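# Structural features, examined
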Amino acid sequence: MNTVIYQIKDTIEDAKSLTEAGRIIREGGLVAFPTETVYGLGGDALSPASSRKIYAAKGRPSDNPLIVHIANIEDLEPITADIPEAGRKLADAFWPGPLTMIFRKSEKVPKETTGGLDTVAVRMPSDPVALAFIREAGGYVAAPSANLSGKPSPTSAKYVIQDMDGKIEMILDGGDVEIGLESTIVDLTEETPTILRPGYVTKEMLEQVLGTVDADRTMMEKDTGVAPKAPGMKYRHYAPKGDLVIVEGDSACVVDYINEQTGLLEKQGEKVAVIGTEETKMLYHAEIVKSVGSRNREETIAHTLYRVLREFDDMDVTRIFSESFDTTGMGQAIMNRLLKAAGHKVIHLCRSTNSD
Ligand code: AMP
Ligand code: MG
């Protein structure tokens with residue numbers, strides 16, 4: 001299949017391209033598009049055949065449900081069986097934006113889109129290109145991240161092209177995304193709203209609106225023996241090609257350990273890369289050292305993490321060492337993704353009581 005790539009700079013100037021993209025969706029095809037979180041791989045959410053195509057293009061297991069993207073709040077009611085009060089409050093506070101809510105689904109949504117579940121995940125993105133495209137597409141666009149299953153989510157069109165060229169009808173290139181990590185997912189079908197996947201909208205932000213919010217305990221732990229409530233979370237995600245290990249402990253211990261390991265591994269012919277920060281990048285001796293951002297501005301780390309993992313893939317890096325991050329606020333989303341990328345391989349080093 002020939003994949004058409006359109007650059008979208010402005011939703012008004014590029015209106016024709018957006019109309020064409022919308023037509024592809026209405027006719028049952030697939031279009032990758034930018035959102036503020038990561039790029040999505042879109043199809044008609046109300047068509048079983050379109051959803052099946054999405055799974056095929058990604059190589060994604062079909063029990064892993066898709067998120068339905070809408071562009072108008074009025075479009076929520078037709079696809080849900082009921083909208084709890086908490087849903088209205090969260091929509092008021094965070095839509096359009098990086099929050100996905102799980103509702104009981106209506107008949108309108110096929111089980112192919114929800115991975116066989118009676119619930120549906122819904123999000124209204126804030127990216128203007130995404131909103132214009134969803135409207136042109138008829139209002140309901142099912143979209144997982146636009147990467148091949150198991151690869152880091154794409155944060156720029158370059159990586160969508162790498163994974164999807166020849167497999168889908170169109171890619172809308174809207175430049176670099178703003179946030180860089182997938183949306184927060186909150187389940188509203190439980191008695192207490194429950195976070196299934198951490199993201200830019202943190203537990204603290206949700207609690208300010210709702211009071212008590214739970215977090216699925218499978219979110220940060222390995223092998224709890226309990227199935228995660230977001231089916232997608234059970235799959236190994238976000239994996240780079242190189243073997244990734246997270247090193248946790250006092251900054252000085254972490255730097256010494258990584259430098260020692262780098263020396264040994266590089267002698268054995270391994271291509272070693274280090275994920276550091278603005279504060280530490282100059283301390284590492286490895287041939288490849290990348291800063292993911294500043295510890296004082298966690299949004300910079302969220303923004304850069306997937307790009308760095310993809311860049312290491314491009315360089316055929318075989319071993320990756322990453323620093324560890326605090327799990328408060330947005331750090332929880334960053335560590336959730338990093339732990340998955342590392343298959344939960346963490347090395348714990350010395351930690352003095354008066355450490356940073
Ligand atoms: P992605 O689009 O790659 O970010 O994946 C979508 C995520 O949403 C996956 O982890 C799914 O498991 C999760 N998800 C989608 N629909 C539901 C649902 N009805 N219940 C629970 N999780 C869902
Ligand atoms: Mg994904």
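Residues numbered from 1 in each chain as written. Chains lettered and ligands numbered in written order. Predicted model: local features only at pLDDT ≥ 70, side-chain atom pairs only at ≥ 80, totals over all residues. Heavy atoms only, no water.

### Thoughts on the layout of surface pockets
The condition that has to hold: Within this scheme a cavity is a closed region of a 1 Å grid, computed over the protein atoms alone, that accommodates a 1.4 Å probe without allowing it to escape, whereas a pocket is open but has protein on both sides within 12 Å along at least five of seven lines; lining residues each have an atom within 4 Å of a point. Grid points are joined across faces, edges and corners, and a volume is the space filled by probe spheres set on the points. Strands are runs of DSSP state E lasting at least two residues, helices are runs of H or I lasting at least four, and both sets are numbered from the N terminus onward. For this scheme, ten residues count as nonpolar: Ala, Val, Leu, Ile, Met, Phe, Trp, Tyr, Cys and Pro. Four count as charged, namely Asp, Glu, Lys and Arg, and the remainder, Gly too, count as polar.
By volume, the largest pocket amounts to about 690 Å³. Around the largest pocket, the lining comprises 45 residues; the ones closest to its centre are Arg-60, Pro-65, Ile-67, Ile-185 and Arg-197. When residues in the lining of the largest pocket are grouped by element, the largest group, four residues, is from strand 6 (residues 119–123). Grouping the amino acids of the lining of the largest pocket by side-chain chemistry returns 19 nonpolar, 16 polar and ten charged.

### A word on the environment of Gly-42
To keep it simple, the criterion reads: Only protein chains enter the calculation, and the probe is 1.4 Å; a residue is then buried if its accessible area is under 20% of its type maximum, exposed if over 50%, and partly exposed in between. By definition in these notes, contact holds between two residues if any of their heavy atoms fall within 4.5 Å.
Summarising the element assignment, Gly-42 is placed in strand 3 (residues 40–44). Residue classification places Gly-42 among the buried residues on the basis of a relative accessible area of 0%. Each C-alpha atom, one on Gly-42 and one on Ala-143, is 4.4 Å from the other, the two residues being 101 residues apart in sequence. Here Gly-42 is in contact with Ile-25, Gly-29, Leu-30, Val-31, Ala-32, Phe-33, Ile-54, Val-141, Ala-142 and Ala-143, once residues within four sequence places are set aside.

### Digging into the site of ligand 1
For clarity, the cut-off: For this description, a residue counts as near a given molecule or strand if any of its non-hydrogen atoms is within 4 Å of it. In the analysis that follows, any N or O atom pair within 3.5 Å is treated as a polar contact, provided that within protein one partner can donate a hydrogen and the other can accept it, and provided that, for residues neighboring in sequence, both atoms belong to side chains. Throughout, the Shrake-Rupley method with a 1.4 Å probe supplies accessible areas, and for residues the shown protein chains are the sole cover considered. Placement in a cavity or pocket follows one criterion, namely that more than half of the molecule's atoms lie within 2 Å of its grid points.
The local shell around ligand 1 holds 21 residues, among which Arg-60, Thr-119, Pro-144, Arg-197 and Gly-232 are the closest. Between ligand 1 and the protein, one listed contact pairs an oxygen atom with a side-chain N or O atom of Asn-64 at 3.3 Å. When isolated, ligand 1 has an accessible area of 500 Å², and the protein chains bury 96% of it. More than half of the atoms of ligand 1 fall within 2 Å of the grid points belonging to the largest pocket. Counting residues per element, the ones that place at least two in the shell around ligand 1 are strand 6 and strand 10 (194–197). Residue contributions to the shell around ligand 1 peak at three residues, all from strand 6.

### Section: empty space enclosed by the protein
Rolled over the atoms, a probe with the dimensions of a water molecule shows which regions are left empty. Enumeration according to the criterion identifies two cavities of 30 Å³ or more in this entry. As a volume, the largest cavity reaches approximately 50 Å³. What lines the largest cavity is Thr-184, Ile-195, Pro-198, Gly-199, Val-201, Thr-202, Lys-203, Gly-329, Met-330, Gln-332 and Ala-333. Considering only residue class, the lining of the largest cavity consists of five nonpolar, five polar and one charged. Taken as a whole, the second largest cavity encloses approximately 40 Å³ of empty space. In terms of lining, the second largest cavity is formed by Thr-155, Asp-176, Val-177, His-303 and Arg-307. In the lining of the second largest cavity, the residues fall into one nonpolar, two polar and two charged.

### Remarks on the environment of Asp-173
Residue position: Asp-173 is located in strand 8 (residues 170–173). Separated by twelve residues in sequence, Asp-173 and Ile-161 place their C-alpha atoms 9.5 Å apart. Among residues more than four places away in sequence, those in contact with Asp-173 are Ile-5, Tyr-6, Gln-7, Ile-8, Tyr-39 and Ala-157. One polar contact links the side chain of Asp-173 to the main-chain amide nitrogen of Gly-175, over a distance of 2.9 Å.

### Some thoughts on the environment of Glu-260
Mapped onto the secondary structure, Glu-260 falls in helix 7 (residues 251–267). Sequence spacing of Glu-260 and Ala-286 is 26 residues, and the spatial spacing of their C-alpha atoms is 9.7 Å.

Any functional reading would require information that these geometric values do not contain.
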